[in-house]
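What follows is each chain in one-letter form.
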Amino acid sequence: MMRRSRFTTLLLVLFWGIFTLPLQAQSEIESPSAFLGYKLGTHWTPHYKVIEYFRHVAEHSPMVKVEKYGETNEGRELMLAFVSNEPNMSRLEEIRTNNLKRAGIVDGAPTVDSTVIVWLSYNVHGNEASSSEAAMKTIYELVRPDDAQTKSWLKNTVVVMDPMLNPDGHDRYVHWYKETVGDQPNIDVDSREHHEPWPGGRYNHYYFDLNRDWAWLTQKESRQRIKVFQKWLPEVHVDFHEMGYEEPYYFAPAAKPFHKAITDWQRQFQYTIGRNNAKYFNQNDWLFFTREVYDLFYPSYGDTYPIFNGSIGMTYEQAGGGIAGLGILKEEGDTLTLNDRLTHHFTTSLSTIEVSSQHAKKLVDEFAKYYDTAQNNPQGKYKMFVIKADNDPDKLQALFHLLDQHQIEYGKAMRSRTLDGYNYKTGKNERVRINSGDYLVSVYQPKSVMARVLFEPRPELADSVTYDITAWEQHYAYGLDGYALTQRLDVQPASAPKKNVNNNATGSPYAYLARWQDLQDVGLLADLLKHDIKVRFASQPFKINDQSYERGTLVMTRSDNKTLGKSFDQLVQDIATAHNQQVDAVATGFVQAGSDLGSSTVRYLKKLRVALLSGSGTSATSVGEVWHYFDRQINYPVTLVNTDNFGRLDLTDFDVLILPGGNYRDKLTDSRIKDIRDWISSGGKLIAVGSANRLLVNKEGFNLKRKEGNDKNDDKQENNLLNSYGERQRNNIVNYNTGSVFRVTMDTSHPLAFGYDDNYFSLKLNSDAYAYLKDGWNVGVTKEDAVMSGFIGYKAKKKLEDTLDFGVQNMGRGSIVYMVDDPLFRAFWYNGKLLFGNAVFLVGND
Ligand SMILES: [Zn+2]
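Computed from a predicted structure; not experimentally measured.

Reading the values: rules and limits
- Residues numbered from 1 in each chain as written.
- Predicted model: local features only at pLDDT ≥ 70, side-chain atom pairs only at ≥ 80, totals over all residues.
- Heavy atoms only, no water.
- Helix = DSSP H or I, 4+ residues; strand = E, 2+ residues; numbered from the N terminus.
- Rg over C-alpha atoms; globule rule 2.2 N^0.38 Å.
- Buried < 20%, exposed > 50% of the residue type's maximum accessible area, 1.4 Å probe, protein only.
- Contact = heavy atoms within 4.5 Å.
- Salt bridge = Lys/Arg side-chain N within 4 Å of Asp/Glu carboxyl O.
- Pairing = 2+ DSSP bridges.
- Axes fitted to C-alpha atoms, helices over the stretch in contact; angles between N-to-C directions.
- Expected span 1.5 Å × (residues − 1).
- Arc of directions from axis to C-beta.
- Parallel < 35°, antiparallel > 145°, perpendicular 65-115°, else oblique.
- Nonpolar A, V, L, I, M, F, W, Y, C, P; charged D, E, K, R; others polar.
- Donors = N, O, S within 2.8 Å, 3.2 Å for Na, K, Ca; no water.
- Tetrahedral: all angles 85-135°; square planar, octahedral: opposite > 155°, others 65-115°.
- Core = buried A, V, L, I, M, F, W, Y, C linked by side-chain atoms within 4.5 Å.
- Polar contact = N/O pair within 3.5 Å; in protein donor to acceptor, adjacent residues only side chain to side chain.

Chemist: Give me the overall build of the protein chain: which residues, what numbers.
Modeler: Along its length, the protein chain carries 25 helices and 35 strands. Compactness check: the protein chain gives a C-alpha radius of gyration of 29 Å against a globular reference of 28 Å for 846 residues, within 12% of the reference. Based on the C-alpha atoms only, the size of the protein chain along its principal axes is roughly 95 × 70 × 55 Å. Going through the 846 residues of the protein chain one by one, you find that 59% of them count as buried. Taking the intrachain contacts of the protein chain between residues at least 6 apart in sequence as the baseline, contacts between residues at least 24 apart amount to 78%.

Here it is as structure tokens:
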């Protein structure tokens, strides 16, 4: 009895628990305003509070589950919330795997189900902060028990919400705003609260634009996000943004140009969504526009990347941004408030969920069709992308690591043959040789479209007016030889090549040699220098132990490192192994060909102190690329010096000064330029990156000159007085180059070009044209017919012929490196990273 009675009591307690707890819990969900303690829209909510609110909702609603998917550089949580009705929540895993089965990523057939997945991404640009406020209002509306309408949508819809993609940028903005604003916001645009200080909240910790990084995954936030994104593959994706504060609202359908890989269905459904959004905007008399400005071409945005993964990917843009604060007075006399901004984003959030729910079955069916086409009937001219197996193994590994993250499959050619193909290196169709074991990326696979987009030679623009880069073929980005084929070959499954590193030399070798080929070698050098190992580099090719070594080979001799005694060998070998790089031990300095290891042509490399100009006037993204390069890619110390202190900076504290892109002409006064010249003359090295070169033109002592424009025909056209005003934008594109790939002819005997062959494929970002240096080394130059891929206006193309890309001017004991093309742009041009390493470490040691 006793036992029985206790059992009954237990049952009763359980019974009570099961049936009363959820009801009680639901009634406790607080609105954002109640939870935050202020009316939503009257203050900016810091990241931790947004996260707390989502957690609160998840704790009190069986319709919500939250998941931490990562952390930012500054340690803030990245979170996803999954929202649906209770039956769907209990079979979330089934819904997820159904989608992956439809995509062919997971084996097996999906269950009979047409639950659609709608993914809402808020606040990728930190100072476009209204969307995270909208996210809180949205989730509350989805779970609030007395809203029956949202509940009806959630019967066949799972909403995945990322409330804040860029928490570091968001909090940089919000923290600054809070300390800047008075008791009441000042709506006058002149008030300081409308003018963020450098670098602004748009970017992440390293000043990267995360909305340019979806395909390249150079940033931590992107890598962690793509991992979960690939686990779900939503049918619909929205990326929420803000634009100029005088603008109306923008939503899909997007503007031209569309990438050709976008399907008719993906275009059509953007109209369906757009019309639904328009319905609510019309009801409220809110202004909006569609089909302008925001195009769908560059694959690394929050709209295009999901599109190339089978989603209906879209960007929504609200007026506002960092300038708008909590309220700002507009030209027509209205005040744009945070409440307006979040209400609009909230409205399109719900409208998108509604219209997706209404078309759930069609969306799911079309999603399945998309992936079926990908695997069985892939579109596009090219069917195979070949990557030669004898490419540098580090470059291969870096590329395959990227493909793995995008779930793009690759394999190997099963037999050798010769056939017609497009050779990336020559830019021509010709007979090409495929060897058994060469790597193949086939478009017959689930991620067919993404493979096509990343590798397709000369991606075709349906319309030329775009404001982003128009070429990004990965063969060029990674510096890999290979081809594109229009015919299908058999593919043997394969994984990325393993590198065999064997650093266990015994005895007392005379020296260690390390080849100089890619970014990993720069990382190795940086580490050796940090450990105070003395390093030299060969400025001539040589042969020893029957092995040939090219220019740039690092030479660590026992003689130079006597002070390290016995630990020298262990240190060099351990560091090399940690970097997965081979160091070859040699027993003699006497070479078979070339100069002996003790020759003066094997030059001593100094452990350099590097400064990078940053702060007001500099381009934050340009600073960020260089900072990230030193801090996260090669792990070598760099000192960021603010432009505000630059006038007082003692240059003799540094060996290298890097000028990033930007406009800080006012900091380069004649007297400061004289200081810089004196510093260079006594051994300093100045590196000018991208638009920084503009600031050095015509400065005393600097040999950089603009190329003279003297084409008579061009002048005639420019003076065409009958150009139509309506066509002015289109007429102007003849002068455009927003980003295309150029063949740069290299002088491989100069240290700036060590590790490269005669051609380097460079991403050229504008039409800045500089003449060859009269007194200096023209190490990398653009000649005729150098455009390999991308859109470029014919005038810009002409203007760029016979111009300087990479040059070195010696000045006294020092040097100036002009890098007209920015090899670190968005950190995704892997093959440019060695070039930058050459500029920092090798140039000037002669
Ligand atoms: Zn934005």
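Chemist: Requested: an account of the pattern of salt bridges, with residues and values cited.
Modeler: In the structure shown here, the tally under the stated rule is 42 salt bridges. Where K68 meets E71, a salt bridge forms, and the shortest distance between an N and an O atom there is 2.9 Å. Given a relative accessible area of 46%, K68 falls into the partly exposed group. The salt bridge involving K499 is made with D394; its shortest N-O contact spans 3.1 Å. Residue K499 is located in the loop between β19 (491-493) and β20 (511-514), and its partner D394 is located in helix α14 (residues 393-405); the two are separated by 105 residues in the primary sequence. Taken as a pair, K499 and D394 share a single burial class, namely buried. Each of the salt bridges in this network shares a partner with another, and the network as a whole consists of E128, R202, D209, R212, D468 and R826.

Chemist: Go over the sheet that holds strand β13 (residues 384-387), please, and point to the residues and values.
Modeler: Each strand in a sheet pairs with another by means of backbone hydrogen bonds, the pair being arranged parallel or else antiparallel. Strand order in this open sheet of seven strands is β16-β15-β18-β13-β17-β14-β19, and the pairing throughout is antiparallel. The outermost strands of the open sheet, each flanked by one partner alone, are β16 (428-434) and β19. The sheet shows a mean angle of 45° between the axes of neighbouring strands, taken without regard to direction. The pairing of strand β15 (residues 417-423) with strand β18 (residues 482-485) spans two bridges and is antiparallel. Paired with Y422 across the strands is A484, a residue of β18. Strand contacts of helix α15 (residues 448-455): β13 and β17 (439-442), with the helix running at about 55° to β13, the strand carrying the most contacts.

Chemist: Can you break down helix α21 (residues 670-681) residue by residue, with the values?
Modeler: A rise of 1.5 Å per residue sets the reference length of α21, with its twelve residues, at 16 Å; its end C-alpha atoms lie 16 Å apart and thus fit the reference within 8%. Residues R672, I673, I676, R677, W679 and I680 constitute the buried set of α21. Angular distribution of buried residues about the axis of α21 spans 165°; they occupy a single face of the element. For α21, the exposed residues set more than 90 degrees away from the buried face come down to D670 and S671. Against the buried residues of α21 lie α20 (643-646), β29 (656-659), β30 (685-689), β34 (803-811) and β35 (814-819). G683, located one to two residues past α21, shows a positive phi value of around 120°.

Chemist: Any details on the packing of helix α5 (residues 92-103) against helix α9 (residues 220-232)? Residues and values, ideally.
Modeler: The N-to-C vectors of α5 and α9 enclose an angle of 85°; their axes lie 7 Å apart at closest approach. Taken as axis vectors, α5 and α9 run roughly perpendicular relative to one another. Along the contact surface, α5 presents L92, R96, N99 and L100, while α9 presents Q230, K231 and W232. Counted by class, the contact of α5 with α9 contains three nonpolar, two polar and two charged residues.

Chemist: Hey, could you go over the coordination of the zinc ion for me, with residue numbers and the actual values?
Modeler: Each protein donor to the zinc ion is listed here as H125 (ND1), E128 (OE), E128 (OE) and H241 (ND1); together their distances run 2.0 to 2.6 Å. Every donor counted, the four donor atoms about the zinc ion form angles of 55 to 157° at the centre, which fits irregular coordination. For the zinc ion, all donor residues lie on one chain, and their spacing in sequence is H-x2-E-x112-H. Within this pair, whereas E128 is found in the loop between β3 (116-121) and α6 (130-143), its partner H241 is found in strand β5 (residues 236-243), the two being separated by 113 residues in sequence. A relative accessible area of 5% places E128 in the buried class.

Chemist: Please set out the sheet that holds β20 residue by residue, giving values where relevant.
Modeler: In space, the five strands of this open sheet follow the order β25-β20-β24-β21-β26, with antiparallel pairing throughout. Only two strands of the sheet have a single neighbouring strand rather than two, namely β25 (584-586) and β26 (602-605). Pairwise comparison of adjacent strand axes, ignoring direction, gives a mean angle of 30° for this sheet.

Chemist: Could you give an account of the pairing of β35, with specific residues and numbers?
Modeler: Most of β35 is tucked away: six of the six residues are buried. Taking every second residue as pointing to the same face, both faces of β35 are buried, with G814, I816 and Y818 on one and S815, V817 and M819 on the other. Pairing geometry for β30 and β35, over five bridges, is parallel. Looking across to β35, one finds that L686 is bridged to I816. When β34 meets β35, the two strands line up antiparallel, connected through six bridges. Its bridge partner lying in β35, F806 is registered against M819. Linkage of β34 to β35, two consecutive antiparallel strands, is achieved through a turn of two residues, within which G812 is found at a positive phi near 55°.

Chemist: Hey, could you go over the nonpolar core for me, with residue numbers and the actual values?
Modeler: Where a protein is soluble and globular, its nonpolar side chains tend to be buried together. Ranked by internal contacts, the top residues of the largest apolar core, which has 147 residues, are M556, F630, I658, I687, L752, F836 and F841. Setting aside residues no more than four positions away along its own chain, F630 makes contact with V610, N635, Y636, P637, V638, I658, F836 and V840. The next biggest cluster of nonpolar side chains, apart from the first, holds 61 residues, and it includes W44, Y53, Y316 and F346.

Chemist: Mind laying out the side chain of N204, listing which residues take part and the relevant values?
Modeler: In this structure, N204 sits in the loop between α8 (167-180) and α9. Among the residues examined, N204 registers a relative accessible area of 0% and is labelled buried. Among the polar contacts listed, one links the side chain of N204 to the backbone nitrogen of Y206, at a separation of 3.1 Å. Not counting residues within four places of it along the chain, the set of residues in contact with N204 comprises N73, N166, R172, L210, Q219 and E221.

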